[in-house]
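Below are the chains, spelled out letter by letter.
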Amino acid sequence: MVEFLIWRLHTSHKAVITPSLSSNNYLCKGDCTMAHFWVRAETKTGEARAPVTPHTARALIDAGHHVSVELSGDRAFANGDYAAVGCDMVPAGGWVFAPDGTVVLGIKELPDGPVNLNHTHIYFGHAFKGQPGWRDLLARFQRGGGRLFDLEYLTNEQGRRLAAFGYWAGYTGSALGLMAWARLRRGEVPVLPQLVPWQNKSALVAALQDALDGLALPTALITGALGRCGTGATDLCGAVGIAPVKWDKAETASGGPFPEILACDVFVNCILGNEHTPVFVPASAADDATRQLSIISDVSCDPGSAYNPVPVYDSITTFAQPAIQVHGE
């Protein structure tokens with residue numbers, strides 16, 4: 001995702017940034033097209049992903065760019081892996097003091113401070129669909145003169161997103177939905193305990209297979225099945241022997257209602273919502289006596305948006321509380 005933006009950033013970045021004797025200060029020398037990328041430590045609890053791997057950091061350095069990486073004990077990649085490829089290791093939160101012209105890279109939301117943002121930030125801002133807090137976030141950039149390159153809106157000429165974790169969001173979201181269903185069937189409380197990241201997909205699949213062991217496999221329906229997210233959800237189902245019903249735009253074009261969704265055990269929502277998105281599971285579904293559906297894995301996760309197609313809940317889950325009970329059992 002980083003390489004795609006380098007060419008555009010060159011036009012506005014003319015100074016070489018080199019480390020001074022202090023790891024928190026940088027000196028500008030000369031006039032060239034070197035960019036300074038700063039990988040910030042994530043502040044969201046449980047977030048282990050990184051926008052730049054050590055392998056990609058090495059490629060950026062080999063191309064003549066400067067890469068600073070904040071120290072983190074939560075990131076999936078060890079601090080030493082970045083140091084080994086030539087990254088400058090800096091304290092967590094140091095991006096606030098980085099020089100003008102620095103491109104700050106992240107995954108999830110920024111902390112509440114500082115109130116004025118003066119750098120160029122590349123991350124998933126979750127602001128342009130009217131999500132909660134969008135006005136405050138964009139006001140911080142406006143006041144500070146900074147820029148936000150929201151990865152959700154980095155697209156090619158055909159409008160296809162170029163930087164997305166959608167496949168793995170669908171993969172893990174589908175897995176969690178099936179785990180919740182299995183624990184619900186066994187009467188286990190809570191239906192999902194506090195989550196910690198799995199080291200790799202093999203470990204995730206093994207954990208899900210253990211959860212499903214001895215149970216008749218559930219039925220599942222996936223919306224947005226042809227997209228990145230839906231493809232990941234479909235592949236996960238296949239890994240444990242489940243053949244889900246796969247819906248995309250053609251199957252939802254009627255606008256609903258969709259009794260087929262209520263007739264399955266697990267519903268995995270993987271669409272990118274907008275003003276044209278129909279309601280898949282209305283609030284009235286909770287009282288539908290014919291409903292088989294007991295678990296919804298809403299990978300799209302827009303409970304605060306007017307375009308939420310699953311309006312049976314109004315708050316997000318967390319790693320500590322990964323499931324919400326919205327009605328009865």
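Computed from a predicted structure; not experimentally measured.

Thresholds, definitions, all that
Residues numbered from 1 in each chain as written. Predicted model: local features only at pLDDT ≥ 70, side-chain atom pairs only at ≥ 80, totals over all residues. Heavy atoms only, no water. Buried < 20%, exposed > 50% of the residue type's maximum accessible area, 1.4 Å probe, protein only. Helix = DSSP H or I, 4+ residues; strand = E, 2+ residues; numbered from the N terminus. Pairing = 2+ DSSP bridges. Axes fitted to C-alpha atoms, helices over the stretch in contact; angles between N-to-C directions. pLDDT = per-residue confidence, 0-100. Contact = heavy atoms within 4.5 Å. Right-handed = clockwise from strand over helix to strand, strands pointing away. Parallel < 35°, antiparallel > 145°, perpendicular 65-115°, else oblique. Left-handed = near helix turned anticlockwise from the far one by under 90°. Nonpolar A, V, L, I, M, F, W, Y, C, P; charged D, E, K, R; others polar. Phe/Tyr/Trp six-rings, centres within 6.5 Å; stacked < 30°, edge-to-face > 60°. Lys NZ or Arg CZ within 6 Å of the ring centre and 35° of its normal.

Enquirer: How would you summarise the pairing of strand S7 (residues 120-123) if you had to cite specific residues and measurements?
Expert: Burial of S7 is two-sided: the residues Thr120 and Ile122 facing one way and the residues His121 and Tyr123 facing the other way are all buried. Sheet topology places strand S6 (residues 103-105) next to S7; three bridges connect them, and they run parallel. Looking at S7, one finds that Leu105 is bridged to Ile122. Note: S7 against strand S8 (residues 147-150), four bridges, orientation parallel. Within S8, the position partnered with Ile122 by the bridge is Phe149.

Enquirer: Please give an account of the sheet that holds strand S5 (residues 88-90) that cites residues and values.
Expert: Strand order across the open sheet formed by six strands is S5-S4-S3-S6-S7-S8, with parallel pairing between neighbours. What marks the edges here is a single partner per strand, and that holds for S5 and S8. With direction set aside, neighbouring strand axes in the sheet form an average angle of 25 degrees.

Enquirer: Lay out unusual backbone geometry with the relevant residues and their values.
Expert: With an omega dihedral of 0 degrees, the bond running from Gly113 to Pro114 counts as a cis peptide bond. Residue position: Pro114 is located in the loop between S6 and S7. At the junction of Gly256 and Pro257, the peptide bond is cis and its omega measures out at 5 degrees in the coordinates. Not every positive phi belongs to a glycine, and His126 is a case in point at roughly 50 degrees. Unlike most non-glycine residues, Cys301 shows phi in positive territory, near 55 degrees.

Enquirer: Can you explain the sheet that holds strand S12 (residues 295-298)? Please cite residues and give values.
Expert: Taken in spatial order, the four strands of this open sheet run S10-S9-S11-S12, and their pairing is parallel. Looking along the sheet, the strands with just one partner apiece sit at the ends: strand S10 (245-247) and S12. This sheet shows a mean twist of 15 degrees between the axes of neighbouring strands, independent of strand direction. With three bridges connecting them, strand S9 (residues 220-223) and S10 associate as parallel partners.

Enquirer: Pulling in residues and values, what's your account of the confidence of the model for the protein chain?
Expert: Detailed reading of the predicted model is not advised wherever pLDDT is low. Looking at the protein chain as a whole, the pLDDT averages 88, with 90% of positions reaching at least 70. Here residues 1-32 scores under 50 on pLDDT; set against residues more than four positions off or in separate chains, the count is 71 contacts.

Enquirer: Just give me the short version of the pairing of strand S4 (residues 66-70), but keep the residues and values in it.
Expert: By the criterion of burial, S4 is predominantly enclosed, with five of the five residues buried. What you see with S4 is no split at all: His66, Ser68 and Glu70 on one side and Val67 and Val69 on the other are buried throughout. Two strands pair when backbone bridges link them, and strand S3 (residues 36-39) and S4 are joined in this way by four bridges, in the parallel orientation. Note on S4: the bridge partner recorded for Phe37 is Val67. For the handedness criterion, the β-α-β arrangement of S3, helix H2 (residues 54-62) and S4 is classed as right-handed. Pairing of S4 with S5 involves three bridges; the strand directions are parallel. Bridging across to S5, Val69 finds its partner in Met89.

Enquirer: Please provide a residue-by-residue account of the environment of Met179, values included.
Expert: Within the secondary structure, Met179 is located in helix H5 (residues 166-185). Under the relative-accessibility criterion, Met179 is labelled buried at 8%. Along the sequence, Met179 and Leu192 sit 13 residues apart, while their C-alpha atoms lie 7.3 Å from each other. Residue contacts for Met179: discarding those within four places in its chain leaves Val191, Leu192, Trp198, Leu204, Ala207, Leu208 and Ala211.

Enquirer: Break down the packing of H5 against helix H7 (residues 228-239) for me, citing the residues and quoting the values.
Expert: Interaxial distance between H5 and H7 falls to 6 Å at its minimum, and their mutual angle equals 45 degrees. The orientation of H5 with respect to H7, classified from their angle, is oblique. For the crossing formed where H5 meets H7, the hand is right-handed. Residues Gly166, Tyr167, Ala169, Gly170, Tyr171, Ser174, Ala175 and Leu178 of H5 lie in contact with H7, whose contacting residues are Arg228, Cys229, Thr231, Gly232, Ala233, Asp235, Leu236, Cys237 and Ala239. Per-class residue counts for the contact of H5 with H7 are ten nonpolar, five polar and two charged.

Enquirer: Describe in detail the packing of aromatic side chains, supporting the description with residues and values.
Expert: Counting across every chain of the model gives eight aromatic pairs. A centroid spacing of 6.1 Å and a plane angle of 85 degrees characterise the contact between Phe267 and Phe280, whose relative ring orientation is edge-to-face. Here the residue Phe267 occupies a position in strand S11 (residues 266-269), and Phe280 occupies one in the loop between S11 and S12, the gap between them amounting to 13 residues. In this structure Phe267 comes out as buried when scored by relative accessible area, which is 0%. By relative accessible area, Phe280 is classed as buried at 3%. Ring pairs connect the aromatic residues Trp247, Phe258, Phe267 and Phe280, which therefore count as one cluster. The ring of Tyr123 has Arg40 sitting right over it, with the charged end atom 5.1 Å from the ring centre.

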